[in-house]
Amino acid sequence: FISYINGAGVRVSEDLNDIFADPALVNEFDASYVILSARDINNKGQIVGCAGIPSVGYESQRAYRYSPSRQDGDVTVPPMLENIGLLDADTGVSSFAIGVNEMGEVVGDTSDAIMGRRGFFYSDTHGMQDIGDLGGSVNTQSINDYSQIVGWDRHPTEGPTAFIYTPETGINPIIQTAPGDPAI
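About the cut-offs
Residues numbered from 1 in each chain as written. Predicted model: local features only at pLDDT ≥ 70, side-chain atom pairs only at ≥ 80, totals over all residues. Heavy atoms only, no water. Helix = DSSP H or I, 4+ residues; strand = E, 2+ residues; numbered from the N terminus. Phe/Tyr/Trp six-rings, centres within 6.5 Å; stacked < 30°, edge-to-face > 60°. Buried < 20%, exposed > 50% of the residue type's maximum accessible area, 1.4 Å probe, protein only. pLDDT = per-residue confidence, 0-100. Polar contact = N/O pair within 3.5 Å; in protein donor to acceptor, adjacent residues only side chain to side chain. Contact = heavy atoms within 4.5 Å.

## Thoughts on unusual backbone geometry
For Ser 147, which is not glycine, the phi dihedral falls at a positive 65°. By the element assignment, Ser 147 lies in the loop between strand S14 (137-143) and strand S15 (149-155).

See the structure below:
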């Protein structure tokens, strides 16, 4: 089952559990976790998705970023499976990664016992950050190389609204000014 193909033609599939068998793998998950899904791959071969403990279910799901081994000058950097975590360690329930750009920045969704479903932006510099909302629960869809995130916010009474998020401007609705006009 193929989920995504990057610009170099490398495929990512749902069955990536053989990466756990790599003795060089730097793994931030304990031995009970397995890869549950692979959602996106960039041209560096970084893969994002969701890992979890099948017998526990939804509450164990955590977003991950897998980075293959690479050369950094004379040093070989080992492959790494990173647990991206939760927005709030006290109330967080689960997280899953949806997309990754060429800088390795990750977008995804997380849920917690208080706020419900939230979108997140993850970077090596700033870690996991809440992207905010438009009054409802957030579903992220994609991130580009300008760190722009798109998705939709489902308001309980107003229905879904498409949004764009940037670290500079935050979350903003994508609006259509008149029928037939392009969305802005």
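Here the narrative resumes.
## Remarks on the packing of aromatic side chains
On inspection of all chains with the given rule, the structure shows two aromatic pairs. Consider the rings of Phe 29 and Tyr 33, whose centres lie 5.0 Å apart with planes at 45°: the pair is tilted. Measuring from centroid to centroid gives 6.3 Å for Phe 121 and Tyr 165, while their planes differ by 45°, and the two rings are tilted. With Phe 121 in strand S12 (residues 116-123) and Tyr 165 in strand S16 (residues 159-166), this residue pair connects regions lying 44 residues apart in the sequence. Of the two residues examined, Phe 121 and Tyr 165, each falls in the buried class.

## Observations regarding the confidence of the model for the protein chain
Taken over all residues, the pLDDT of the protein chain has a mean of 85, while the share at 70 or more is 84%. The least confident element of the protein chain is strand S1 (residues 2-5), whose mean pLDDT is 60; the most confident is strand S17 (residues 170-173), at 95.

## Re the side chain of Asn 139
Following the sequence through the fold, Asn 139 ends up in strand S14. Classification of Asn 139 as buried rests on a relative accessible area of 7%. Here the side chain of Asn 139 touches Arg 117 through a polar contact of 2.8 Å, side chain to side chain. Look past the residues within four positions of Asn 139 in its chain and what remains in contact with it is Asp 109, Arg 117, Gly 151, Trp 152 and Phe 163.

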